[in-house]
Amino acid sequence: MLLELTLYIAYLLHVVLISISHVCAPPCYFLFNIDIDYCIAGVRVGRTVWHSKVGKTSLIMSLVSEEFPDDVPLRAEEITIPADVTPERVPTHIVDYSEAEQSDEQLYQEISKANVICIVYSVNNKKSIEKVTSHWIPLINDRTDKDSRVPLILVGNKSDLVEHSSMETILPIMNQYSDIETCVECSAKNLKNISELFYYAQKAVLHPTGPLYCPEEKEMKPSCIKSLTRIFKVSDLDNDGILNDKELNFFQRTCFNMPLAPQALEDVKNVVRKNIMDGVEDNGLTLKGFLFLHTLFIQRGRHETTWTVLRRFGYDDDLELHQEYLFPLLKIPADCTTELNHNAYLFLQSVFDKHDKDRDCALSPDEVKDLFKVFPYMPWGPDVNNTVCTNDQGWITYQGYLSQWTLTTYLDVQRCLEYLGYLGYSIICEQESQAAAITVTRNKRIDLQKKQTQRSVFRCNILGARGSGKTSFLQAFLGRNLLKQRKIREDHKSFYSINTTYVYGQEKYLLVRLCISLPVSCFLPEEDLACDVVCLVYDVNNPRSFEYCAKVYKQYFMDSKTPCMMIASKSDLHEARQHYSLTPLDFCRKNKLHPPQPWTCNTVDAPNKDLYTKLTTMAMYPHMAQADLKSSTFWLRASVGATVFAVLGFAMYRAILKQR
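Residues numbered from 1 in each chain as written. Predicted model: local features only at pLDDT ≥ 70, side-chain atom pairs only at ≥ 80, totals over all residues. Heavy atoms only, no water.

The subject of this paragraph is the pairing of strand β16 (residues 457–464). A large share of β16 lies buried, amounting to eight of its eight residues. Residues of β16 alternate between two faces, with V457, R459, N461 and L463 on one and F458, C460, I462 and G464 on the opposite face, all of them buried. Alignment of β16 against strand β18 (residues 506–514), held across six bridges, turns out to be parallel. Residue pairing in the sheet places R459 in a bridge with L511 of β18. Pairing of β16 with strand β19 (residues 533–539) involves five bridges; the strand directions are parallel. Across the sheet, residue G464 finds its bridge partner in β19, namely V537. (Buried < 20%, exposed > 50% of the residue type's maximum accessible area, 1.4 Å probe, protein only. Helix = DSSP H or I, 4+ residues; strand = E, 2+ residues; numbered from the N terminus. Pairing = 2+ DSSP bridges.)

Next up, the structure:
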């Protein structure tokens, strides 16, 4: 890494932008503007301000013509240096300012738009040096916000006229003002440091020191440490707290597009060993060593190295993750859903394996916390543990973990993209963005026309009167009987549950949503109606429970193409006569629905999941005739297929665990 980075810096320092010859000194100011066409930094315009009679207009003229002009005007016309002659590949605009031709207000306007300001003094003129602190820096600070100060570069011109350096005088000024990025002495007459001047000006905009480093404390700023720590954790693919040679090479190739030679790799680790303790362990780079290297780069003026890393991992100039990085463009047409594709599941599996340190196929609270350390906040609350499958300790299992990601992708794909961004999906999987992890399904109407679907996630809404057993039905899908459900805290309950089912050997996700019981006279919200299958639950022990289901069905689903199923909940209790004109069975016969399905979760073992398989099947095949769906052979085939493939799936899962 160190060898490659050294070559990279050396290349930039030795690129000659444009040769400049002689310098003279009219009383005017020089404005240096930079535009950027790509998102390495959000720069729009920058400026270099020159003290009067220090040779700035001659520099502009010489820069353009590559020879010293005989006649120097009061103000040069606006100049643009093409992007293809600059090492950073950005167009550079130079705007001159003249006290004789323009007002102070025009100068103030330019300062307010600047991204970098070069204050030029004459090395053979003490008054021009004094004016740097007495006039220019105070003026600039008054015209810029304190929280967004413009980087300053001190430029000592006419070094060909003196034999001594002005650095002894300038260094105290640099130490006094943290806004000053660097100082460079130059001579247009001798072409000394001219290319470096423009390089440093660009560098101050594209690779500023301010967000990274505190000169007074001589250490990186907390925000920089936080960002680099996330980068380290994302790059630490096995989560052992060390970047081994393979991980360092992947990091190097990701950020700088070239691998590291074995000797260069050892050179990096030797530099760390010689300077700090615990920077290298088991022949790998620790977080402490990783942060030390970047501190060293910054202290040696190699800010672009750290900025290259930060920007590759999605950070902007304020060390916040770009919105474009977190939320890449993803078009989702109407009536289409979003699912994770195969590569996304493989990535998420690797993330799970990375943090399941005890290999128990579940994430303990500490392991979940460790997984989300790369997030700015904790994305999962306690309700997640009641949304997906957990083990006997209440920890999210491997299947529950994947289910939660599937749920997030289906309900809020933008949030899923954000989460994948924090985990570094596009970087680790070498994709353009995390949008590559998402499959947008085709329109549901096309599925109905073709009588087949390629979707893997189906939504079931549960409707029913208050107290009918909807919440119990929701939790039973996760294998929880009534006894386990009673232990769930009220503030930890969830409106969703998601789990896998098998239909004809195909693994599918069924997302079950609990709908709030509203009076029948109220209109149900669109969210209660938008689903693939409806589950109408009534309490067999409550004589007024079925009436709610019957009225909801007649009002909203009788003429729709959404399949519905009646659930006779609490079937372990005495069945009361329902106060409705038709019995539940007669109602279902009249409306060509399946007979009411008896169900209870008041069992010793986990509740039976056959009903959830039936619901998934109805969601997959809504076009099938009711007679076919009601036939016993159809449900027998579906149930047997689900059982067989569940057993095979479990066996394969055990085999995978042994390999892991």
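A separate point is helix α3 (residues 104–113). Those residues of α3 not exposed but buried are L107, Y108, E110 and I111. Buried residues of α3, viewed axially, fall in a sector of 160°; they line one side. (Arc of directions from axis to C-beta.)

Let's shift gears to the sheet that holds β18. Reading across from one edge, β17-β18-β16-β19-β20-β21 is the order of the six strands in this open sheet, with mixed pairing throughout. Single-partner strands in this sheet number two, and they are β17 (496–503) and β21 (597–599). Across the sheet, the mean angle separating the axes of adjacent strands is 30° when strand polarity is ignored. Across three bridges, strand β20 (residues 564–569) lies against β21 in parallel orientation. Residue pairing for β21: S569 is matched across the bridge by W599. (Axes fitted to C-alpha atoms, helices over the stretch in contact; angles between N-to-C directions.)

With that settled, consider the sheet that holds strand β6 (residues 180–185). Taken in spatial order, the three strands line up as β4-β5-β6 in an open sheet, and their pairing is parallel. The open sheet is flanked by β4 (117–122) and β6, the only strands paired with a single partner. Here the strands of the sheet are splayed against their neighbours by 20° on average, with no regard to which way each runs. The pairing of β4 with strand β5 (residues 152–157) spans six bridges and is parallel. Each bridged residue has a counterpart across the sheet, and for C118 the counterpart in β5 is I153.

Right, let's talk about empty space enclosed by the protein for a bit. Under the defined criterion, the tally for this structure stands at two cavities of 30 Å³ or more. Here the largest cavity defines a volume of roughly 100 Å³. Around the largest cavity, the lining comprises 13 residues; the ones closest to its centre are D447, L448, A619, M620 and P622. When residues of the lining of the largest cavity are traced back to their parent elements, those giving at least two are α18 (444–450) and α24 (610–620). Class assignment for the residues of the lining of the largest cavity results in five nonpolar, three polar and five charged. The calculated volume of the second largest cavity comes to roughly 30 Å³. Secondary structure elements with two or more residues in the lining of the second largest cavity: α8 (245–256) and α17 (425–428). Top element by residues in the lining of the second largest cavity is α8. It accounts for three residues. (1 Å grid on protein atoms, 1.4 Å probe; cavity = no way out; pocket = protein on both sides within 12 Å on 5 of 7 lines; lining within 4 Å. Points joined across faces, edges and corners; volume = space filled by probe spheres on them. Nonpolar A, V, L, I, M, F, W, Y, C, P; charged D, E, K, R; others polar.)

Attention now moves to the packing of aromatic side chains. Counted by the stated rule, this structure contains 25 aromatic pairs. Through pairs of rings, three or more aromatic residues link up here, namely F352, F372, F375, Y377, W380, Y398, Y401, W405, Y419 and Y422. Sitting above the plane of the Y108 ring, R143 keeps its charged end 3.7 Å from the centroid. (Phe/Tyr/Trp six-rings, centres within 6.5 Å; stacked < 30°, edge-to-face > 60°. Lys NZ or Arg CZ within 6 Å of the ring centre and 35° of its normal.)

It is worth spelling out the nonpolar core at this point. By size, the foremost hydrophobic cluster in this structure holds 79 residues, and its most contacted members are I231, F313, L348, Y401, W405 and L423. Split by domain, the residues of this core number at least three in each of domain 2 (325–441) and domain 3 (454–620). Setting aside anything within four residues of it in sequence, one finds Y401 in contact with L348, V351, F352, L363, L371, W380 and I396. C460, F473, A476 and W599 belong to the second largest nonpolar core, which has 25 residues in total. (Core = buried A, V, L, I, M, F, W, Y, C linked by side-chain atoms within 4.5 Å. Domains from an automatic or database assignment. Contact = heavy atoms within 4.5 Å.)

With that settled, the discussion passes to the side chain of K269. Looking at the element boundaries, K269 is found in helix α9 (residues 262–275). Look at K269 and you get buried, because its relative accessible area is 0%. Once residues within four sequence positions are removed from consideration, K269 is found in contact with D245, V280 and N283.

Interpretation note: all reported values are geometric properties and have no functional meaning in isolation.
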